[in-house]
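Residue-level structural notes
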Amino acid sequence: MSDEGYCTITGDAKPPTADGPPYAECVLCREPTEYPESYKGITMCPRCEWQEAQRTACSG
């Protein structure tokens with residue numbers, strides 16, 4: 001049995017980056033993110049993205 005692709009995210013996993021202000025707020029800490037304010041969906045600042053990635057990382 002192959003584990004290839006088990007932890008792979010496919011498709012557009014991240015929202016597009018903004019060219020300038022206004023920036024969307026991080027859904028966890030409310031700090032500005034690198035994403036446009038008009039983006040609909042979950043946006044996180046780089047610090048919270050990193051912490052979430054560490055929390056949900058594949059173990060194996």
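Keep in mind that what you see is a predicted model, and the values were worked out from it rather than measured.

Conventions and cut-offs
Residues numbered from 1 in each chain as written. Predicted model: local features only at pLDDT ≥ 70, side-chain atom pairs only at ≥ 80, totals over all residues. Heavy atoms only, no water. Helix = DSSP H or I, 4+ residues; strand = E, 2+ residues; numbered from the N terminus. Buried < 20%, exposed > 50% of the residue type's maximum accessible area, 1.4 Å probe, protein only. Contact = heavy atoms within 4.5 Å. Areas by Shrake-Rupley, 256 points an atom, 1.4 Å probe, with all protein chains shown as cover. Disulfide = S-S within 2.5 Å. Salt bridge = Lys/Arg side-chain N within 4 Å of Asp/Glu carboxyl O. Patch = residues over 30% accessible without salt bridge, like charges linked within 9 Å, V, L, I, M, F, W, Y side chains within 5 Å.

Details of the overall build of the protein chain
- Assigned secondary structure in the protein chain consists of 1 helix and 2 strands.
- Across the protein chain, helices and strands are ordered from the amino to the carboxyl terminus as β-β-α.
- For the protein chain, the residues scored as buried account for 20% of the 60 residues in total.
- Of all intrachain contacts in the protein chain linking residues separated by at least 6 positions in sequence, the fraction that spans at least 24 positions is 9%.
- Accessible surface for the protein chain amounts to roughly 5100 Å². Of this, 50% is attributable to carbon and sulfur atoms.

Side note on the environment of Tyr35
- Note on placement: Tyr35 falls in strand β2 (residues 32-36).
- Remark: the alpha-carbon pair of Tyr35 and Thr17, spanning 18 residues in sequence, is separated by 4.6 Å.

Section: the state of the cysteines
- For the structure shown, the criterion picks out 0 disulfides.
- Not engaged in a disulfide, the cysteine Cys45 finds its nearest cysteine sulfur in Cys48; these two sulfurs lie 3.6 Å apart.

Observations concerning the pattern of salt bridges
- Within this structure, the stated rule accounts for 2 salt bridges.
- Between Arg30 and Glu25 there is a salt bridge, and its shortest N-O distance comes to 2.9 Å.
- With its nearest N and O atoms 2.7 Å apart, the salt bridge here joins Arg55 to Glu52. Highlighted residues: Arg55 and Glu52, both in helix α1 (residues 46-56), separated by 3 residues, approximately one helical turn.
- Residue Glu52 is classed as partly exposed on the basis of its relative accessible area of 25%.

Things to note about a nonpolar patch on the surface
- On the surface, Val27, Leu28 and Ile42 cluster together into a nonpolar patch covering about 310 Å² of accessible area.
- Within the secondary structure, Val27 is located in the loop between β1 (23-25) and β2.

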